[in-house]
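# Examination of the molecular architecture
Each chain, written out:
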Amino acid sequence: MGNVIDVKDVWLRYKDLTVLESVNLSIEEGDFLGIIGPNGGGKSTLLKVILGLIKPQRGTVEVLGTTPEKARHLIGYVPQYNPSSLDFPINVREVVLMGRMGKKGLFQKYTEEDHAATKKALKTVEMLEYSDRQIGELSGGQRQRVFIARALVSEPKVLILDEPVTGIDTMMQMEFYELLKKLRSRVTIVMVSHDISAVSVLVDKIACLNGKLHYHGSKELVPEDVEQAYGCPVELIAHGVPHRVLHKH
Ligand SMILES: Nc1ncnc2c1ncn2[C@@H]1O[C@H](COP(=O)(O)OP(=O)(O)OP(=O)(O)O)[C@@H](O)[C@H]1O
């Protein structure tokens, strides 16, 4: 299997703050990668570099063998949950249709094919019956499902999620994670998350980022020094539950 994303020696500075320092990261087709790290560690910045939204001062990023800008229609992006981001009248179907724009261009008319793809994406996320509802009327978890549908509607090769469940209640989070489990066989997934338990259950590879990339590889092999740097037991990353808690008595 080939690499979907190749980040090579990327350095990123905001004014005098160095946020990414010589980051090298290869993401293979079929990976479900969890990116973890402390607040301000550069996780969202790295995603923006991969999406081509910001340019690094040094280094290169390739997405499917080309530049992030040229590959944009092949990337599905689900941003952090923002409760006020859609406080204007737009229904669920229209939000998902917007995801077709990258593929066809901004001012093209939507075709039968676009509508069929929209239906299929809404079905995948089990939100088809909400097609005519205003997005502003939905719960946080339902909105994020719609955003996944919007990301999937262009049939991307990679799905990038930035803390997708922050601000969503626990039940809805569980449902959302079940949906990701279903999607993992269909698309390469990269997810930034602080929810270590969920990450450990869902992903197969971990990247630990704190300015530098401390570790990238199997979640079972995260080195002990990450525990000190991240304040997060490596057993929690590997198994979802700290070993020493499991064997307390
Ligand atoms: N546009 C910007 N201009 C200046 N500084 C920025 C900008 N965006 C982010 N930063 C700073 O860069 C650092 C890394 O931010 P980033 O959002 O990438 O971290 P993060 O790992 O995603 O953090 P969190 O876990 O808190 O979401 C932070 O110190 C942040 O304040």
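Thresholds, definitions, all that
Residues numbered from 1 in each chain as written. Predicted model: local features only at pLDDT ≥ 70, side-chain atom pairs only at ≥ 80, totals over all residues. Heavy atoms only, no water. UniProt positions renumbered as here; feature names shortened; annotations may be inferred. Helix = DSSP H or I, 4+ residues; strand = E, 2+ residues; numbered from the N terminus. Expected span 1.5 Å × (residues − 1). Buried < 20%, exposed > 50% of the residue type's maximum accessible area, 1.4 Å probe, protein only. Contact = heavy atoms within 4.5 Å. Near = heavy atom within 4 Å. Polar contact = N/O pair within 3.5 Å; in protein donor to acceptor, adjacent residues only side chain to side chain. Areas by Shrake-Rupley, 256 points an atom, 1.4 Å probe, with all protein chains shown as cover. Nonpolar A, V, L, I, M, F, W, Y, C, P; charged D, E, K, R; others polar. Axes fitted to C-alpha atoms, helices over the stretch in contact; angles between N-to-C directions. Parallel < 35°, antiparallel > 145°, perpendicular 65-115°, else oblique. Left-handed = near helix turned anticlockwise from the far one by under 90°. Core = buried A, V, L, I, M, F, W, Y, C linked by side-chain atoms within 4.5 Å. Arc of directions from axis to C-beta.

Looking at an unreviewed UniProt entry, one finds the protein named Cobalamin import ATP-binding protein BtuD and attributed to Methanococcoides burtonii. Its UniProt record, at the heading Sequence similarities (unreviewed entry), says of the protein: "Belongs to the ABC transporter superfamily." Of the comments in the UniProt record for the protein, the one headed Catalytic activity (unreviewed entry) reads "an R-cob(III)alamin(out) + ATP + H2O = an R-cob(III)alamin(in) + ADP + phosphate + H(+)".

### A word on unusual backbone geometry
A positive phi is found at K15, a non-glycine position, where the angle reads about 50°. Following the sequence through the fold, K15 ends up in the loop between β1 (3–14) and β2 (17–28). We note that E163 has phi near 40°; this positive angle belongs to a residue other than glycine. Structurally, E163 is set in the loop between β6 (158–162) and α6 (170–183).

### Here we look at helix α5 (residues 140–152)
Over its 13 residues, α5 extends 18 Å from the first C-alpha to the last, a length consistent with the 18 Å expected when each residue adds 1.5 Å. Of all 13 residues that make up α5, twelve are buried, and the element is covered over most of its length. Of the positions making up α5, those classed as buried are G140, G141, Q142, R143, Q144, R145, V146, F147, I148, A149, A151 and L152. Where α5 is buried, its residues meet β5 (75–78), α2 (92–98), α4 (112–124), β6 and α6.

### So, the site of the ligand
Every one of the 13 residues lining the ligand counts as a neighbour, but N39, G40, K43, T45 and H194 are closest to it. Here N39 contributes a side-chain N or O atom positioned 2.9 Å from an oxygen atom of the ligand. A distance of 2.7 Å separates an oxygen atom of the ligand from a polar atom in the side chain of K43. For the ligand, whose accessible area on its own is 640 Å², the fraction buried by protein is 60%. Every element with two or more residues in the shell around the ligand is listed here: β2 and α1 (43–51). A total of three residues in the shell around the ligand trace back to one element, the largest contributor, which is α1. In the shell around the ligand, the residues fall into four nonpolar, seven polar and two charged.

### Notes on the packing of α5 against α6
The contact between α5 and α6 brings their axes to 9 Å, and the two run at 20°. By the angle between their directions, the pair α5 and α6 is classed as roughly parallel. The two elements α5 and α6 meet at a crossing, and its hand is right-handed. Where α5 approaches α6, its residues G141, Q142, Q144, R145, I148 and L152 are matched on the opposing element by M172, E175, F176, L179, L180 and L183.

### Structural notes on the nonpolar core
Core analysis: the largest hydrophobic core is formed by 47 residues, its most contacted members being I148, L159, L161, L180 and L183. No other element matches the six residues that α5 contributes to this core. Here L159 is in contact with G76, V78, A151, L152, L183, V187, T188, I189 and V190, once residues within four sequence places are set aside. Membership of the second largest hydrophobic core comes to 27 residues, among which are V4, V10, V61 and A71.

### Quick word on α4
Its 13 residues place the ends of α4 18 Å apart at the C-alpha level, agreeing with the 18 Å of an ideal helix rising 1.5 Å per residue. Of all the residues in α4, the buried ones are D114, A117, T118, A121, L122 and T124. Down the axis of α4, the sector holding all buried residues measures 155°, keeping them to one side. Opposite the packed face of α4, turned more than 90 degrees from it, sit the exposed residues E112, K119, K120 and K123. Backbone geometry just after α4 places E126 at a positive phi near 55°.

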